[in-house]
Amino acid sequence: MTVRVVGLSGSPHRHGNTETLLDAFLDGTRNAGASVEKVILKDLDYSACRGCNACHKDGQCIVKDEAIPLFDTIMGVDCLAVASPIYSMGITAELKGLIDRAQYIWARKFILKTLYFSNEHIRLHKGIFISTAGQDWDNVFDAAFPAITAFFNTIGFEYYDNIIANQMDRWKGVKNHPTAMTEAREKGEKAVRAIERIRQEAEVKGN
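The paragraphs below set out a description of the structure included in this document. Computed from a prediction, not measured in an experiment: that's the story for all the values here.

1. Points about the nonpolar core
Line of reasoning, step 1. Judged by nonpolar contacts, the single largest core of 36 residues is most densely connected at Leu8, Phe71, Leu80 and Phe151.
Line of reasoning, step 2. For this core, the secondary structure elements donating two or more residues are strand E1 (4-9), helix H3 (67-74), strand E3 (79-83), helix H4 (93-101), helix H5 (103-111) and helix H7 (145-155).
Line of reasoning, step 3. In contact with Leu80, not counting residues within four places along its chain, are Val6, Leu8, Ile74, Lys126, Gly127, Ile128, Phe151, Phe152, Ile155 and Phe157.
Line of reasoning, step 4. Counting 26 residues, the second largest nonpolar core, distinct from the first, contains Leu21, Leu22, Phe25 and Ala81.

Written out as structure tokens, the structure reads:
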């Protein structure tokens, strides 16, 4: 079975540093034989979470927009790459708004307890965070990690890896960075191979 990969581009700026790094990662997954789709969040019509907690009653989001079918897609893939540049020391509004909309999935898991992810399921679903930043500060990505961690935990994905590159101002763009593009392609291939290996191990145990 072909490994399915989705990349979410959370940048409002098309074809910038972060989307370019995401593209390199997706190229790596294609090279490994994966089926790949890229979603541009700024092109979708969805709103932020209302905080109404209606989903705590039945596990359904009352806001019917393009976030819901996107989550249906996300929950059906094997590898999810979430990409956002660092804006004001955090992820973009586009990505944060989508993460907040996963509240109905969180409610199914933690409030209603109708959704459960086994350890095997989590190992088979890899989440990757991709980001770039202009500054050279070592801690420039730190504020982004908790939201990404919470998101992957909610949807049943292992937080498998980061592909991050700062000093974009120095390098004048990610394509000039000495290692980032190559690292992204290599990690794309690695993620697909890891999923395939775990599948094979599960098949051997099943036999």
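2. A closer look at the pattern of salt bridges
Line of reasoning, step 1. Using the criterion set out here, one finds 13 salt bridges in the structure.
Line of reasoning, step 2. The partner of Glu158 in a salt bridge is Lys126, with the nearest N and O atoms 2.5 Å apart. With Glu158 in strand E5 (residues 158-165) and Lys126 in strand E4 (residues 126-132), the pair connects residues that are 32 residues apart, well separated along the chain.
Line of reasoning, step 3. Using a relative accessible area of 26% as the deciding quantity, one classes Glu158 as partly exposed.
Line of reasoning, step 4. Where salt bridges share partners, they join Arg14, Glu19, Asp23 and Lys38 into one cluster.

3. Considering helix H1 (residues 17-31)
Line of reasoning, step 1. Its 15 residues give H1 an end-to-end C-alpha distance of 21 Å, which sits within 8% of 21 Å, the value for a rise of 1.5 Å per residue.
Line of reasoning, step 2. Here H1 has its buried residues at Thr18, Glu19, Thr20, Leu21, Leu22, Ala24, Phe25, Leu26, Gly28 and Thr29.
Line of reasoning, step 3. Considering only its buried residues, H1 is in contact with E1, strand E2 (35-40), E3, E4, E5 and helix H9 (180-206).
Line of reasoning, step 4. The positive-phi residue at the C-terminal boundary of H1 is Gly33, with phi of around 95°.

4. So, the environment of Asn153
Line of reasoning, step 1. The residue Asn153 is located in helix H7 in this model.
Line of reasoning, step 2. Overall, the relative accessible area of 43% leaves Asn153 in the partly exposed class.
Line of reasoning, step 3. Distance in space between the C-alpha atoms of Asn153 and Ile122 is 8.9 Å, their sequence separation being 31 residues.
Line of reasoning, step 4. In this structure, Asn153 is in contact with Lys109 and Phe110, ignoring residues within four places of it in sequence.

5. Quick notes on the pairing of E4
Line of reasoning, step 1. Most of E4 sits inside the fold, with seven of its seven residues counted as buried.
Line of reasoning, step 2. The alternating pattern of E4 places Lys126, Ile128, Ile130 and Thr132 on one face and Gly127, Phe129 and Ser131 on the opposite face, and all of these are buried.
Line of reasoning, step 3. Sheet topology places E3 next to E4; five bridges connect them, and they run parallel. In the strand pairing of E4, Leu80 is matched with Gly127.
Line of reasoning, step 4. As a crossover connection, the stretch from E4 through H7 into E5 is right-handed.

6. Some thoughts on the environment of His125
Line of reasoning, step 1. One can find His125 in the loop between helix H6 (119-123) and E4.
Line of reasoning, step 2. With 48 residues separating them along the chain, His125 and Val77 place their C-alpha atoms 7.7 Å apart.

So, how was this worked out
- Sequence order sets the numbering: in each chain, residues are counted from 1 along the sequence as written.
- At least 70 in pLDDT is required for a residue's local features to be given in this predicted model, at least 80 for side-chain atom pairs to be given and counted, and no such filter applies to totals for whole chains, interfaces and linings, which use all residues.
- With hydrogens and water excluded, all non-hydrogen atoms of the structure serve as input to the side-chain values.
- As used in this record, nonpolar core signifies buried Ala, Val, Leu, Ile, Met, Phe, Trp, Tyr and Cys residues forming a set joined through side-chain atoms within 4.5 Å.
- For each residue, the accessible area found with a 1.4 Å probe, counting protein chains only, is set against the maximum for its type, and the residue is called buried under 20%, exposed over 50%, and partly exposed in between.
- Elements are defined by DSSP. Helices are runs of H or I of four residues or more, strands are runs of E of two residues or more, and each kind is numbered from the N terminus.
- Any two residues whose heavy atoms approach within 4.5 Å at even a single point are treated as in contact.
- A side-chain nitrogen of Lys or Arg and a carboxyl oxygen of Asp or Glu constitute a salt bridge if their distance falls within 4 Å.
- Expected helix span is computed as 1.5 Å times (number of residues minus one).
- Pairs of strands are assigned from DSSP output, requiring at least two bridges between the strands.
- Note on handedness: a crossover is taken as right-handed if, strands pointing away from the viewer, the path from the first strand over the helix to the second is clockwise.

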